[in-house]
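Structure assessment
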Amino acid sequence: MQLVVFLLAYPVLRLISILPKPLFYGFSDIAFVLIFYLARYRRKVVQENLRLALPELSAEERRQVEKKFYRHLCDLLLEMVKTMDLSKKEVAKRYQILNPELIQNLEKERSVLVLCTHYANWEWNTSINNVVTSSGFAIYQKIGNKYFDRLIKKIRAKWNTDPIEQKNTVKRMYENERKGIRGVYGIVNDQSPMMSRAQYWSPFMGITVPIFVGAESLAKKLDLATVFLKVTKVKRGYYQAEFIPINDKGSTAGEHEITEKFLRLSEQQIREQPEYYLWTHRRWKHKDKAPQA
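Residues numbered from 1 in each chain as written. Predicted model: local features only at pLDDT ≥ 70, side-chain atom pairs only at ≥ 80, totals over all residues. Heavy atoms only, no water.

**Observations regarding the environment of E107**
When you line up the elements, E107 lands in the loop between helix 6 (100-106) and strand 2 (112-116). Exposure remark for E107: the relative accessible area of 4% places this residue in the buried category. Considered as a pair, E107 and L151 are 44 residues apart in the sequence and their alpha carbons are 29 Å apart. At a separation of 3.1 Å, a polar atom in the side chain of E107 contacts the main-chain amide nitrogen of T133. (Helix = DSSP H or I, 4+ residues; strand = E, 2+ residues; numbered from the N terminus. Buried < 20%, exposed > 50% of the residue type's maximum accessible area, 1.4 Å probe, protein only. Polar contact = N/O pair within 3.5 Å; in protein donor to acceptor, adjacent residues only side chain to side chain.)

**Observations regarding the packing of helix 3 (residues 43-53) against helix 4 (residues 59-82)**
Put simply, helix 3 and helix 4 touch, their axes get as near as 10 Å, and they point 130 degrees apart. Classified by the angle their axes make, helix 3 and helix 4 are oblique. When you trace helix 3 past helix 4, the crossing you get is right-handed. The residues of helix 4 that touch helix 3, namely those facing R43, V46, Q47, L50 and R51, are R62, V65, E66, F69 and Y70. Here the contact of helix 3 with helix 4 is composed, by residue class, of five nonpolar, one polar and four charged. (Axes fitted to C-alpha atoms, helices over the stretch in contact; angles between N-to-C directions. Parallel < 35°, antiparallel > 145°, perpendicular 65-115°, else oblique. Left-handed = near helix turned anticlockwise from the far one by under 90°. Contact = heavy atoms within 4.5 Å. Nonpolar A, V, L, I, M, F, W, Y, C, P; charged D, E, K, R; others polar.)

**Digging into the nonpolar core**
Counting 73 residues, the largest nonpolar core has Y95, L113, V114, L229, W279 and W284 as its most contacted members. Among the elements that take part in this core, helix 4 stands out by supplying six residues, more than any other. Sequence-distant contacts of V114, defined by excluding residues within four places in its chain, comprise I103, I128, V184, Y185, G186, I187, V227, L229 and F243. In this structure, F24, Y25, L78 and F148 belong to the second largest nonpolar core, which totals 11 residues. (Core = buried A, V, L, I, M, F, W, Y, C linked by side-chain atoms within 4.5 Å.)

**Quick notes on the pairing of strand 7 (residues 207-211)**
Successive residues of a regular strand alternate their side chains across the two faces of the sheet. Of all five residues in strand 7, four are buried, a share of seventy percent or more. Of the strand pairs in this sheet, strand 6 (residues 200-204) and strand 7 are connected by five bridges, and their pairing is antiparallel. Paired with S202 across the two strands is V209, which belongs to strand 7. (Pairing = 2+ DSSP bridges.)

**Concerning helix 10 (residues 257-272)**
With 16 residues, helix 10 extends 23 Å from end C-alpha to end C-alpha; this agrees with the ideal 22 Å at 1.5 Å per step. Within the sequence span of helix 10, burial applies to I258, T259, F262, L263, L265, S266, E267, Q269 and I270. Buried residues belonging to helix 10 abut strand 2, strand 6, strand 7, helix 9 (214-221), strand 8 (225-235) and strand 9 (238-247). (Expected span 1.5 Å × (residues − 1).)

Dropping the structure here:
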């Protein structure tokens, strides 16, 4: 059945990926109407998240953010499909890295951990590996359909990226360091951990929630440099990315220093252009469960 689904879907996805720009984004406009007005996909979740995270905005301002977010979401989903047909030269035009020298200088000394959020186009974040000399790795959740999972790996490989399944992250990183393989590791770090794994709580967008500390733990134990990847959507289909240093030597970082800097930089990015954050995921679902001091 997985193969049947793949064989039916792949030709459609391939066709979408090669559409000229006017038709490509026209298709996105149609998808917006279907998802926002007809299916009303997760709109209650989005509205509640916006209410919690952006209470300073008026109800009308939040409605405008909501609508812009869904338009961006449709663009994003199609741009992920577009990756199938995107060359290194083309992605360099669409996803401009403003200060590649920062990460290039860091990787001369040690492996680098690149932290980002579900913001703008995180699939194209993997193109940063086109400007580094170290091996590029992206931490990801394995897709249930093995044929699509294989396709994703093939697509990312053309941008010098080796995907590492999340459950194998620690083992693979330790192996690389032991073998002397210097790497640049990309981690989308804003997910909400399960309550059973909640070790650290901190305010995120003003709401106390459990925070993943695994990235910081790895940075400290493996003495990695850590940077934040700030992405700005310039216009439809075009982005700019900037590396912001968090810590250049993980073994020197204080307790939760890396995690807290990541959170504050994430908040700043979201507040500047809130419509480009992934509001459909339930980031604040454990907001009332923080342990009492």
